[in-house]
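# Architecture at a glance
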Amino acid sequence: MGQHGGTEHLSVRREGATLVLTLNRPEAKNALSLPMLVGLYDGWLEADEDDAIRSIVLTGAGGSFCAGMDLKALASKGGGGMAGQHYRDRLKADPDLHWKAMLRHHRPRKPVIAAVEGYCVAGGTEILQGTDIRVAGESATFGLFEVKRGLFPIGGSTVRLQRQIPRTHALEMLLTGRPYGAAEAARVGLIGHVVPDGTALEKALAIAGQINACGPLAVEAVKASVYETAELTEAEGLAAELKRGWPVFDTADAKEGARAFAEKRDAVFRRE
């Protein structure tokens, strides 16, 4: 396990084959700042480009996940000085960077697991919808509060939420702007696991470890197929699945998996 990279508001470390991204503005309940968004986007790219990384865990420091956008911090575009100028230059070079960071316009090819404690509201709930597997402490709070402030949840929620949970629940969350506890969020299908407070990261890393033990080419193909086929007809989806799935059987990893099973040992996958 080692600390590396990141920005002043986002810490990055490796936990085996898992890249752990930690939103790190606990004094602001990890509200999104420009340095945090730049760090997030760089983290997604690092995971995409590094074959040694097999999964990603996204979490928050100080007992909160993310309380949404920090409008004041974003208005200052990273603050003053040379460091702030660096972040402003990054955004100027790629005006879409903040949407990619929030997983609105970017989908990492590796599985992303959210480990939520405390507040996961507004922009936090919007980022959550871009993750694949979600774990929350029992006292976590979710919600899309934008309409209560006369705003619009423009991070993708009016599109994605109704595809992830039943429409009646999606509309209630979007139109009331009320908070949801972890138990209710699990009941409507927004999250998959509710665990004792303080153990969400532990559970997320355990799930990541199970993923990491699987064939990485197979894992990435399965994730891609799920998202590619989500809005297709069944016939179209089944045809697309074959195009994604058959090449996996021709890999050396697939042959290694079969040999390991026959020899009653753990497989050693090499992305080949």
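Okay, so let's go over this structure. (Residues numbered from 1 in each chain as written. Predicted model: local features only at pLDDT ≥ 70, side-chain atom pairs only at ≥ 80, totals over all residues. Heavy atoms only, no water.)

## Notes on the nonpolar core
Residues Leu21, Leu40, Val116, Phe142 and Leu190 are the most contacted members of the largest nonpolar core, which totals 46 residues. At eight residues, the largest contribution of residues to this core is made by helix H1 (residues 34–49). Look past the residues within four positions of leucine 40 in its chain and what remains in contact with it is Leu10, Leu21, Leu23, Leu32, Leu58, Ala101 and Ile127. In terms of nonpolar packing, the next biggest core, distinct from the first, is built from 13 residues, Val20, Val57, Ala200 and Ala208 among them. (Core = buried A, V, L, I, M, F, W, Y, C linked by side-chain atoms within 4.5 Å. Buried < 20%, exposed > 50% of the residue type's maximum accessible area, 1.4 Å probe, protein only. Helix = DSSP H or I, 4+ residues; strand = E, 2+ residues; numbered from the N terminus. Contact = heavy atoms within 4.5 Å.)

## Considering the environment of isoleucine 207
Within the secondary structure layout, isoleucine 207 lies in helix H9 (residues 200–212). By relative accessible area, isoleucine 207 is classed as buried at 8%. Considering only alpha carbons, one finds isoleucine 207 and alanine 230, 23 residues apart in sequence, at a separation of 23 Å. Ignoring anything within four residues of it in the chain, the contact list for isoleucine 207 reads Ile113, Ile133, Val135 and His193.

## A word on the sheet that holds strand E9 (residues 180–181)
Spatial ordering of the open sheet is given by E6-E8-E9, a layout of three strands whose pairing is mixed. Lying at the two open borders of the sheet, with one neighbouring strand each, are strand E6 (119–121) and E9. Where strand E8 (residues 141–143) lies against E9, two bridges are found, and the strand directions are antiparallel. Among the inter-strand pairings, phenylalanine 142 is bridged to a residue of E9, identified as tyrosine 180. (Pairing = 2+ DSSP bridges.)

## Regarding the pairing of strand E7 (residues 133–137)
Among the five residues that make up E7, four are buried, leaving the element largely enclosed by the rest of the structure. For strand E5 (residues 112–116) and E7, the ladder comprises four bridges, and the chain directions are parallel. Its bridge partner lying in E7, valine 116 is registered against alanine 136. In terms of strand pairing, E7 meets strand E10 (residues 193–195) through three bridges, oriented parallel. Along E10, the bridge assignment pairs valine 135 with histidine 193.

## Structural notes on the packing of helix H10 (residues 216–229) against helix H11 (residues 234–249)
Interhelical geometry of H10 versus H11 gives an angle of 170° and a closest axis separation of 10 Å. As far as their axial angle goes, H11 and H10 are roughly antiparallel. Residue-level inspection shows Leu217, Ala218, Ala221, Ala224, Ser225, Glu228 and Thr229 of H10 in contact with H11, the latter providing Gly237, Ala240, Glu241, Arg244 and Val248. Class assignment for the residues of the contact of H10 with H11 results in six nonpolar, three polar and three charged. (Axes fitted to C-alpha atoms, helices over the stretch in contact; angles between N-to-C directions. Parallel < 35°, antiparallel > 145°, perpendicular 65-115°, else oblique. Nonpolar A, V, L, I, M, F, W, Y, C, P; charged D, E, K, R; others polar.)

## Description of the packing of aromatic side chains
A full pass over the atoms with the stated rule returns one aromatic pair. For the ring pair tryptophan 246 and phenylalanine 249, a centre distance of 5.4 Å and an interplane angle of 55° mean the geometry is tilted. Placement of both tryptophan 246 and phenylalanine 249 in helix H11 is noted, with a separation of three residues, approximately one turn of the helix. For the pair tryptophan 246 and phenylalanine 249, one class covers both residues: exposed. Looking at arginine 178, its charged tip hangs above the ring of tyrosine 180, at a distance of 3.9 Å from the centre. (Phe/Tyr/Trp six-rings, centres within 6.5 Å; stacked < 30°, edge-to-face > 60°. Lys NZ or Arg CZ within 6 Å of the ring centre and 35° of its normal.)

Fair warning: the whole summary comes from geometry, so function is off the table for now.
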